[in-house]
Amino acid sequence: MYELLDILGTMAFAVSGALTAMNKKLDPFGVFIIAFVTSVGGGTLRDILIGRTPVGWMLNLNYVYVIILGYFLAVVFRKKLDRFRTSMFLFDTIGLGVFTLIGLEKGMETSLHPVICIALGTMTACFGGVIRDILCNEIPVIFRKEIYATICIVGGIFFFAMKGLNVPKDILYLLTSVLIIGIRLMAVIFHWSLPALERK
Amino acid sequence: MYELLDILGTMAFAVSGALTAMNKKLDPFGVFIIAFVTSVGGGTLRDILIGRTPVGWMLNLNYVYVIILGYFLAVVFRKKLDRFRTSMFLFDTIGLGVFTLIGLEKGMETSLHPVICIALGTMTACFGGVIRDILCNEIPVIFRKEIYATICIVGGIFFFAMKGLNVPKDILYLLTSVLIIGIRLMAVIFHWSLPALERK
Amino acid sequence: MYELLDILGTMAFAVSGALTAMNKKLDPFGVFIIAFVTSVGGGTLRDILIGRTPVGWMLNLNYVYVIILGYFLAVVFRKKLDRFRTSMFLFDTIGLGVFTLIGLEKGMETSLHPVICIALGTMTACFGGVIRDILCNEIPVIFRKEIYATICIVGGIFFFAMKGLNVPKDILYLLTSVLIIGIRLMAVIFHWSLPALERK
């Protein structure tokens, strides 16, 4: 179940990366690289920072195959994907929840402080998009208005609060992902975003 | 003393990163990330390249807390910070000296060649700003005119020259930081900068 | 022979990086950093991802010296280098072949799957240029039109196909580099490039 969600999330991130790259008129190789880093870039950065090398996707090729599949789907159906906007958004939101949990888990496995684990969860879920935006020569969208990262931080804090209350692991994971997915859905429905911090 | 200077430098770098990000009209999350990478990005890159993982700030949370404090100060006083321009500049200059020494030290601990140690010192002091500029979609300012990095290189060469003369460690550290801080002050007072290398 | 080609490739990449940086009107420090990352950035990224740290150029200073030499040649002869355009292009193409082979080799030494080895070969040969373009605030040229990366992938597939047929190592290396260099020459002569994937 958990793995199925991970795969759905990975594919959704790959498809969304491919779409961004095609909107920038990149060539097939560029589109593939952007799909790839959007999908596994956050987890790769996490693995590098905590020293889990070779990084995850080099040891588990399922990620690579899923991204290749997502890439081909995005390229073949590139003129029709707008019809699947809602499904894509749902998968992407599932990815946000699952990737945050995976990041939290890797941080705990490395015996890091909860504050660092929350940073790793947020990084896993959000920094693929940051690398995508840098490669596409844009200021990362989550630094400008998207509430995306804030949701992961809230989810991470909730996770450790519940863990402190000895909530059983299965329920803890379920509640955290439901919380993240729920806030994300509400954020989109009610157009929540963070205001810019201006100096004048 | 040494640790106090490290903290002052870390905070100055965080504040200056936050100011840059606010000038770019980023949201609170974006401002925080830019403050964070400006402050510890150089040391993080150094740790990754030499294989000291998990990277420094994941194991010593004092950095994280100092950055959070610097971030809040910068956000709360964002309309008044220009008054503290001189103090900020002094702290930033102290950071330049201390961070260079920390980088040199980590290189020697890893038994690397002096040339590589000097590169690591320069990276520790200057590459947080490089990552900040990339995330803000600018060509890094130290690649264009700032004499910043050159000062660190000169400081590093001086360090190994003195070390070869068996200058005691405390005096060696003091002299190197005074040299770096002194050149930096003169560079600003006399408007020193490197000319662009043009091809026509 | 093999090492001589590695050095020629490293220098060609350094010179081409320095030229790009001078066209962007960077200062001498910026030009040096761009020359450096263009030359060893791909291999550095590879080493970080597979956990070979300290990264290659920190342990073998020959790379550093060759890059410094290439940098000075590029700076001193910057107004005359267009005359050596053909030699430069040949060295650069040799670099493409040799760097791909080095990447494949490091992947096999780390016991990684052939698909990952091919990714590492491509990364070693092409991602120095990607980092150069990001630092110069451009969308990487190999994501937009250059057929560069595709040639490395084709070379990598050929390498493992021949290896499966038990072709002796020396011949395997020779054939793969001849193939990569040959396709690259033809790509330039016949103006091969990948079309952009557009959505409308």
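Residues numbered from 1 in each chain as written. Chains lettered and ligands numbered in written order. Predicted model: local features only at pLDDT ≥ 70, side-chain atom pairs only at ≥ 80, totals over all residues. Heavy atoms only, no water.

(A) Fine view of the interface of chain C and chain B. Contact residues are listed per partner, giving 33 residues for chain C and 33 residues for chain B. Together, the buried faces of chain C and chain B total about 2,800 Å²; carbon and sulfur atoms form 69% of this surface. Summed over the three residues of chain C that lose the most area to chain B, namely D27(C), F29(C) and M58(C), the buried surface amounts to 23% of that side. Between the two partners, chain C and chain B, sit zero salt bridges. Taken together, the connections running from chain C to chain B amount to three residue pairs in polar contact (both at pLDDT 80 or more). Every element with two or more residues in the side of chain C that touches chain B is listed here: α1 (2–23), α2 (28–50), α3 (56–59), α4 (62–76) and α6 (114–135) of chain C. Residue contributions to the side of chain C that touches chain B peak at eight residues, all from α2(C). (Contact = heavy atoms within 4.5 Å. Buried area = accessible area lost by both parts, 1.4 Å probe. Salt bridge = Lys/Arg side-chain N within 4 Å of Asp/Glu carboxyl O. Polar contact = N/O pair within 3.5 Å; in protein donor to acceptor, adjacent residues only side chain to side chain. Helix = DSSP H or I, 4+ residues; strand = E, 2+ residues; numbered from the N terminus.)

(B) The arrangement of the layout of surface pockets in detail. Residue and element names in this part refer to chain B. Estimated volume of the second largest pocket: approximately 1,000 Å³. Sorting the residues of the lining of the second largest pocket by element identifies α1 (2–23), α5 (85–109), α6 (114–135) and α8 (169–189) as the ones contributing at least two each. Counting residues per element, the lining of the second largest pocket draws most heavily on α1, at five residues. Split into classes, the residues belonging to the lining of the second largest pocket amount to 14 nonpolar, seven polar and nine charged. (1 Å grid on protein atoms, 1.4 Å probe; cavity = no way out; pocket = protein on both sides within 12 Å on 5 of 7 lines; lining within 4 Å. Points joined across faces, edges and corners; volume = space filled by probe spheres on them. Nonpolar A, V, L, I, M, F, W, Y, C, P; charged D, E, K, R; others polar.)

(C) Region of the structure containing helix α6 (residues 114–135) of chain A. All names here are of chain A. Along its 22 residues, α6 runs 31 Å from first to last C-alpha, staying within 8% of the 32 Å computed at 1.5 Å per residue. Most pronounced at C126, the bend in α6 amounts to some 50°. Counting buried residues along α6, 18 of its 22 residues qualify, which places the element largely inside the surrounding structure. Among the residues trailing α6, N137 stands out with phi positive, at a value near 65°. (Expected span 1.5 Å × (residues − 1). Bend = angle between axes of the 7 residues up to and from the residue. Buried < 20%, exposed > 50% of the residue type's maximum accessible area, 1.4 Å probe, protein only.)

(D) Structural detail: the side chain of R46(A). All names here are of chain A. The residue R46 is located in helix α2 (residues 28–50) in this model. Given a relative accessible area of 5%, R46 falls into the buried group. At 3.2 Å, the side chain of R46 forms a polar contact with the side chain of T124.

(E) Examining a nonpolar patch on the surface more closely. Together, L69(A), L73(A), V76(A) and F77(A) give the surface a local cluster of nonpolar side chains, amounting to about 360 Å² of exposed area. Considering the arrangement of structural elements, one finds L73(A) in helix α4 (residues 62–76). (Patch = residues over 30% accessible without salt bridge, like charges linked within 9 Å, V, L, I, M, F, W, Y side chains within 5 Å. Areas by Shrake-Rupley, 256 points an atom, 1.4 Å probe, with all protein chains shown as cover.)

(F) Spotlight on the packing of aromatic side chains. A full pass over the atoms with the stated rule returns 24 aromatic pairs over all chains. Here F13(A) and F99(A) contribute two aromatic rings whose centre-to-centre distance is 4.8 Å and whose plane-to-plane angle is 50°, an arrangement assigned as tilted. With F13(A) in helix α1 (residues 2–23) and F99(A) in helix α5 (residues 85–109), this residue pair connects regions lying 86 residues apart in the sequence. Seen from their ring centres, F36(B) and W57(B) are 4.8 Å apart, and the 85° between their planes marks the pair as edge-to-face. Pair noted here: F36(B) is in helix α2 (residues 28–50) and W57(B) is in helix α3 (residues 56–59), with a separation of 21 residues, a long-range link. What links up through ring pairs into an aromatic cluster is the set F32(A), F36(A), W57(A), Y71(A) and F72(A). (Phe/Tyr/Trp six-rings, centres within 6.5 Å; stacked < 30°, edge-to-face > 60°.)

(G) Spotlight on the UniProt feature "transmembrane region" (unreviewed entry) in chain A. The residues that UniProt annotates with the feature "transmembrane region" (unreviewed entry) are residues 6–22, 29–49, 55–77, 89–105, 111–135, 147–165 and 171–194 of chain A. End-to-end, the C-alpha atoms of residues 55–77 of chain A are 31 Å apart, and along that stretch the chain is 83% helix and 0% strand. (UniProt positions renumbered as here; feature names shortened; annotations may be inferred.)

(H) Region of interest: the relation of the copies chain C and chain A. Its rotation angle being 120°, the transformation that places chain C on chain A also includes 0.0 Å of axial translation and leaves an RMSD of 0.0 Å. Classification of the inter-copy transformation places it as that of a three-fold axis. When the interface residues of chain C are mapped onto chain A, a mere 9% of them are again interface residues, pointing to distinct binding faces. (Least-squares fit on C-alpha atoms with pLDDT ≥ 70 in both.)

(I) Broad picture of empty space enclosed by the protein. Considering all chains together, one arrives at one cavity of 30 Å³ or more under this definition. There is about 60 Å³ of room inside the largest cavity. Lining the largest cavity, in full, are I134(A), N137(A), E138(A), D133(B), I134(B), N137(B), E138(B), I134(C), N137(C) and E138(C). For the lining of the largest cavity, the residue count by class is three nonpolar, three polar and four charged.

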